Amino acid sequence: MINAVRIHTYGGPEVLTYEQIEIGEPGPGQIRLRQKACGLNYIDCYQRSGSYALPSLPAVLGMEGAGEVAAVGAGVTEVAAGDRVAYAMSPGGYASERLIAADRVVKIPAGIADETAAAMMLQGMTVRYLLRETYPVTASTVMLFHAAAGGVGLIACQWARKIGATLIGTVSSDEKAALALAHGATHVINVKRENFVERVREITGGAGCDVAYDSVGKDTFPGSLDCLRPRGLWVSFGNASGKVPPIEIGMLSAKGSLYATRPTLATYIAKRADLTANAAELFHMVETGAVKIEINQRYALADAAQAHRDMEARKTTGSSVLVV
Ligand code: NDP
């Protein structure tokens, strides 16, 4: 029997139940992974609430983790028993052990701790694809980045600093503002006190940003589009405040021939070669110290509900993990 946090029905944090379940032995192409830590991500809240439906219930929640390969199934070539590995975007993460396809995990470099790997794969690979692929950020890029003191946000601040780009971050408190600035944000806007559209216009001298990375959704729509320069790119990649309403496409022309995209990490790491390349670049950023993974919250696996309450109450900063 292994320990897991499952949901049997969609709902609030109270639907998370700590249980003992059987997982069996790995099938062909699978491994059995003994996890040391599980990553916590805002997507877990969408899946728990049913905003993003899961394939079936009951289901073990969670999309990320790291640990040691306990056993391998037939035909597995990528890893061997005893290897330290990590993954992201594979449902079934909140567990002491799990089965997972071997081609979805990557080996963790010696210089990176299991807990750090568990905290960084999903948020870190997200920042990597957003800044390197969705929009090719360079030293001359001016970007808006909402929730700059969150898990994705603090990594984005550091990655942008490394590139030399200008990052205008939004946050909801002065403490979070200080944190984002300390991690490399060039400017920070406290949305509780300031109108972010007006402030972005001021900061950019009326020019607007090249790209707006928006994971807040409902509350920052359509403001984020008004922060863009003509032909700028709106990247809607999350909905922490609720879903963006349906869009009249003419809005993009009216606001300056804008581009819009709604990406997900799943697409950007769907091929194994993309997964390994993305992870390798992230590992390099962490191993060289350009990006430090800030684990500011740790919870026991049995306390997943409290972790969800804290995330949804905007109490967390940086990354969070469930310790197994
Ligand atoms: P965060 O640690 O950033 O937590 C979410 C943050 O959103 C909060 O801390 C809060 O920051 C901000 N926020 C704004 N409005 C609200 C609201 N009404 N309720 C709750 N939070 C709000 O989470 P993650 O780093 O895990 O993820 C960040 C975002 O990126 C999420 O929306 C997530 O879904 C998305 N994401 C998308 C991916 C993709 O590929 N599409 C992959 C990974 C993440 P503040 O208080 O400062 O405003």
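Rules used in this analysis
Residues numbered from 1 in each chain as written. Predicted model: local features only at pLDDT ≥ 70, side-chain atom pairs only at ≥ 80, totals over all residues. Heavy atoms only, no water. Core = buried A, V, L, I, M, F, W, Y, C linked by side-chain atoms within 4.5 Å. Buried < 20%, exposed > 50% of the residue type's maximum accessible area, 1.4 Å probe, protein only. Helix = DSSP H or I, 4+ residues; strand = E, 2+ residues; numbered from the N terminus. Domains from an automatic or database assignment. Contact = heavy atoms within 4.5 Å. Buried area = accessible area lost by both parts, 1.4 Å probe. Polar contact = N/O pair within 3.5 Å; in protein donor to acceptor, adjacent residues only side chain to side chain. Pairing = 2+ DSSP bridges. Lys, Arg positive; Asp, Glu negative; His and termini not counted. Salt bridge = Lys/Arg side-chain N within 4 Å of Asp/Glu carboxyl O. Axes fitted to C-alpha atoms, helices over the stretch in contact; angles between N-to-C directions. Parallel < 35°, antiparallel > 145°, perpendicular 65-115°, else oblique. Near = heavy atom within 4 Å. Areas by Shrake-Rupley, 256 points an atom, 1.4 Å probe, with all protein chains shown as cover. Left-handed = near helix turned anticlockwise from the far one by under 90°.

Draft legend 1. Layout of the nonpolar core. Ranked by internal contacts, the top residues of the largest apolar core, which has 60 residues, are M121, M125, L131, M143, F145 and Y213. Looking at this core, the element that brings in the most residues is helix α2 (residues 114-134), giving eleven residues. Looking at which domains feed residues into this core, each of domain 1 (2-120 + 294-323) and domain 2 (139-262) gives three or more. Beyond its immediate sequence surroundings of up to four residues, L131 is in contact with P136, V137, M143, F145, A156, W159, A160, I163 and Y213. I2, I7, Y94 and A307 belong to the second largest nonpolar core, which has 23 residues in total.

Draft legend 2. A look at the domain arrangement of the protein. The domain architecture assigned to the protein consists of domain 1 (2-120 + 294-323) and domain 2 (139-262). The distance between the C-alpha centroids of domain 1 and domain 2 comes to 29 Å. Listed by partner, the interface residues are eleven residues for domain 1 and 16 residues for domain 2. Counting the surface lost from both domain 1 and domain 2, the interface buries some 950 Å², and carbon and sulfur atoms represent 45% of this. Our count for the contact surface shared by domain 1 and domain 2 stands at nine residue pairs in polar contact (both at pLDDT 80 or more).

Draft legend 3. Representation of the pairing of strand β3 (residues 30-40) within the structure. Most of β3 sits out of view: eight of its eleven residues are buried. Where β3 meets strand β7 (residues 97-101), five bridges bridge the pair, whose relative direction is antiparallel. Pairing of R32 across the sheet is with L99, part of β7. By the bridge criterion, four bridges tie β3 to strand β16 (residues 319-323) in an arrangement that is antiparallel. Paired with L40 across the two strands is S320, which belongs to β16.

Draft legend 4. Up close: the side chain of R98. Note on placement: R98 falls in strand β7. This buried residue, R98, is left without a salt bridge; D44 holds the nearest opposite charge, at 10 Å. Here the side chain of R98 touches S90 through a polar contact of 2.9 Å, landing on its backbone oxygen. For R98, the side chain forms a polar contact with the main-chain oxygen of P91, separated by 2.7 Å. Setting aside anything within four residues of it in sequence, one finds R98 in contact with I23, I31, R32, L33, Q35, Y87, S90, P91, G92 and G93.

Draft legend 5. Expanded view of the packing of helix α1 (residues 42-49) against helix α10 (residues 304-312). Direction vectors running N to C along α1 and α10 enclose 110 degrees, while the axes themselves pass 10 Å from each other. Considering their axes alone, α1 and α10 lie roughly perpendicular with respect to each other. Where α1 abuts α10, its residues Y42, D44, C45 and R48 lie against H308, M311 and E312.

Draft legend 6. Region of interest: the environment of G12. Along the chain, G12 turns up in the loop between β1 (2-7) and β2 (17-21). Look at G12 and you get buried, because its relative accessible area is 18%. Spatially, the C-alpha atom of G12 lies 34 Å from that of I108, the residues being 96 residues apart in sequence.

Draft legend 7. Spotlight on the pattern of salt bridges. Under the criterion given, the structure shown has 18 salt bridges. The closest approach of N and O atoms between E97 and R32, which form a salt bridge, is 2.6 Å. Note that E97 is positioned in strand β7 and R32 in strand β3, a separation of 65 residues in sequence. Like E97, the residue R32 is buried in the burial classification.

Draft legend 8. Looking closely at the site of the ligand. Taken together, 27 residues sit near the ligand, with Y129, V152, S172, K176 and L265 positioned nearest. Within the side chain of S172, one N or O atom sits 2.5 Å away from an oxygen atom of the ligand. In this structure, F237 approaches the ligand through a main-chain N or O atom, which is 2.9 Å from a nitrogen atom. When the ligand is considered free in solution it has 900 Å² of accessible area, and contact with the protein chains removes 92% of it.

Draft legend 9. Region of interest: the packing of α2 against helix α3 (residues 151-163). Running from N to C, α2 and α3 point in directions that differ by 45 degrees, and their axes come no closer than 9 Å. With respect to their mutual orientation, α2 and α3 come out oblique. You can see that α2 and α3 cross each other, and the crossing is right-handed. On α3, the residues that touch Q123, G124, V127, R128, L131 and R132 of α2 are G151, V152, I155, A156, W159, A160 and I163.

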